[in-house]
Amino acid sequence: ELKVEQNPLFLSMQEEKNYTIYCNYSTTSDRLYWYRQDPGKSLESLFVLLSNGAVKQEGRLMASLDTKARLSTLHITAAVHDLSATYFCAVDVNSGYALNFGKGTSLLVTP
Amino acid sequence: ETGVTQTPRHLVMGMTNKKSLKCEQHLGHNAMYWYKQSAKKPLELMFVYSLEERVENNSVPSRFSPECPNSSHLFLHLHTLQPEDSALYLCASSQQGADTQYFGPGTRLTVL
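Remember, it's a predicted structure, so these values are computed and weren't measured experimentally.

Undergrad: Mind showing me how you'd approach the overall build of chain A here?
TA: Summing up its helical and strand segments, chain A has 0 helices and 11 strands in all. Shown N-terminal to C-terminal, the secondary structure of chain A runs as helices and strands in the order β-β-β-β-β-β-β-β-β-β-β. The C-alpha radius of gyration of chain A comes to 13 Å, within 12% of the 13 Å expected for a compact globule of 111 residues. With respect to the principal axes defined by its C-alpha atoms, chain A has extents near 40 × 30 × 20 Å.

Undergrad: Just to check I follow, could you spell out the interface of chain A and chain B for this structure?
TA: It is common to give the size of an interface as the accessible area that goes away when the parts come together. Chain A puts 19 residues into the contact, and the matching count from chain B is 23 residues. Counting the surface lost from both chain A and chain B, the interface buries some 1,600 Å², and carbon and sulfur atoms represent 53% of this. Scanning the region where chain A abuts chain B turns up 0 salt bridges. Between chain A and chain B we count 3 residue pairs in polar contact (both at pLDDT 80 or more) in total. Split by residue class, the side of chain A that touches chain B holds 9 nonpolar, 8 polar and 2 charged.

Undergrad: It is not clear to me how the sheet that holds strand 1 (residues 4-7) of chain B should be interpreted in this structure. Could you clarify?
TA: Sheet strands associate in pairs through backbone hydrogen bonding, adopting either a parallel or an antiparallel arrangement. Residue and element names in this part refer to chain B. Taken together, 4 strands build an open sheet; the order of strands is 1-3-8-7 and the sheet is antiparallel. Each of the sheet's edge strands pairs with one partner strand only, and the pair in question is strand 1 and strand 7 (64-70). When strand polarity is set aside, the average angle formed by the axes of neighbouring strands in this sheet is 20 degrees. Where strand 7 meets strand 8 (residues 73-79), 5 bridges bridge the pair, whose relative direction is antiparallel. Directly across from asparagine 70, in strand 8, lies its bridge partner histidine 73.

Undergrad: Help me understand the confidence of the model for chain A, please; the structure alone is not making it clear to me.
TA: In low-pLDDT segments, the atomic positions of the prediction should not be examined closely. Summing up the model confidence of chain A, the mean pLDDT is 91 and the portion of residues at 70 or higher is 96%. Averaged pLDDT values for the elements of chain A fall to 88 in strand 10 (residues 99-101) of chain A and rise to 97 in strand 8 (residues 71-76) of chain A.

Undergrad: For this particular structure, what's the right way to read the nonpolar core?
TA: A general feature of soluble globular proteins is that nonpolar side chains tend to end up buried together. Residues and elements named next belong to chain A. Judged by nonpolar contacts, the single largest core of 25 residues is most densely connected at Leu32, Trp34, Leu74, Ile76, Tyr87 and Leu107. Elements represented by at least two residues in this core include exactly strand 2 (10-14), strand 3 (19-25), strand 4 (32-37), strand 5 (43-49), strand 7 (61-66), strand 8, strand 9 (85-92) and strand 11 (105-110). With 4 residues, strand 9 is the largest single contributor of residues to this core.

Undergrad: Mind showing me how you'd approach the pattern of salt bridges here?
TA: Pairs can form between side chains of opposite charge whenever their charged atoms are close. All names here are of chain B. A complete count under the given rule lists 4 salt bridges over all chains for this structure. Arginine 63 is paired through a salt bridge with aspartate 85; the nearest N and O atoms lie 2.7 Å apart. With a gap of 22 residues between them, arginine 63 in the loop between strand 6 (53-57) and strand 7 and aspartate 85 in the loop between strand 8 and strand 9 (87-94) connect regions that are remote in the sequence. On the accessibility criterion, aspartate 85 (2% relative accessible area) is buried.

Undergrad: How should unusual backbone geometry be read in this particular structure?
TA: Leaving glycine aside, a negative phi is the common case for residues, and trans is the common case for peptide bonds. For the bond from asparagine 7 of chain A to proline 8 of chain A, the omega torsion is 0 degrees, close enough to zero to count as cis. Along the polypeptide, proline 8 of chain A turns up in the loop between strand 1 (4-7) and strand 2. Residue proline 8 of chain B follows threonine 7 of chain B across a cis peptide bond; omega there is -10 degrees. Counting through the fold element by element, proline 8 of chain B comes out in the loop between strand 1 and strand 2 (10-13). If you check the backbone angles, leucine 51 of chain B has positive phi at about 50 degrees while not being a glycine. On the secondary structure map, leucine 51 of chain B appears in the loop between strand 5 (44-50) and strand 6. Its identity is not glycine, yet threonine 80 of chain B carries a phi of approximately 45 degrees, on the positive side. Structurally, the position occupied by threonine 80 of chain B is in the loop between strand 8 and strand 9.

Undergrad: What is the right way to look at the sheet that holds strand 1 of chain A in this model?
TA: All names here are of chain A. The 5 strands are arranged 1-3-8-7-6 in an open sheet whose pairing can be described as antiparallel. The open sheet is flanked by strand 1 and strand 6 (55-58), the only strands paired with a single partner. The sheet shows a mean angle of 15 degrees between the axes of neighbouring strands, taken without regard to direction. Of the strand pairs in this sheet, strand 6 and strand 7 are connected by 4 bridges, and their pairing is antiparallel.

Each value, and the rule that gives it
Residues numbered from 1 in each chain as written. Chains lettered and ligands numbered in written order. Predicted model: local features only at pLDDT ≥ 70, side-chain atom pairs only at ≥ 80, totals over all residues. Heavy atoms only, no water. Helix = DSSP H or I, 4+ residues; strand = E, 2+ residues; numbered from the N terminus. Rg over C-alpha atoms; globule rule 2.2 N^0.38 Å. Contact = heavy atoms within 4.5 Å. Buried area = accessible area lost by both parts, 1.4 Å probe. Salt bridge = Lys/Arg side-chain N within 4 Å of Asp/Glu carboxyl O. Polar contact = N/O pair within 3.5 Å; in protein donor to acceptor, adjacent residues only side chain to side chain. Nonpolar A, V, L, I, M, F, W, Y, C, P; charged D, E, K, R; others polar. Pairing = 2+ DSSP bridges. Axes fitted to C-alpha atoms, helices over the stretch in contact; angles between N-to-C directions. pLDDT = per-residue confidence, 0-100. Core = buried A, V, L, I, M, F, W, Y, C linked by side-chain atoms within 4.5 Å. Buried < 20%, exposed > 50% of the residue type's maximum accessible area, 1.4 Å probe, protein only.

Below, the structure written as structure tokens:
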């Protein structure tokens, strides 16, 4: 059974600080997704990482994928309050059908 | 309407009721999904339809019954639910086998 583990599950950080969220998964996959969910809202796609060594950046967020280590990271640079949300990673092991999600990381950015 | 829409957004039902959740996608995709999001649990994939055929059913209890009449619409029929079925039910769509899944806003279901 595929396991997807995120850590930390809860993160409170100050504005302007940097931090990294980790996503480990237990079986081979070369397709990993990051989503964001605001309270009471649906999931919004952030990044799709399709190969080993893939790196994508959007604003203050940067995601990377190491398929050999079965690890993806979501790095936050100089956090701002607007980034407060829950971030999920999801791994695709079935060519686009079954996405296995981590439990999510609840991020709170405080002044 | 754009993207993926779901109705109703909130639903309260008794254990003996029958209700249906509706999802519609306006993205031209050919695969649709139902997920369950409960507190303190990862999102759970319930059903997958590709080209209107069910391709995956993750051992979901029979009190949940999906229907996909065409590539744009997906229903989840509910009957004799249990209180533990209370959750956020999310619909998603994608282009078969190749793309990001796009999620609807969800239906918050409460079973009394």
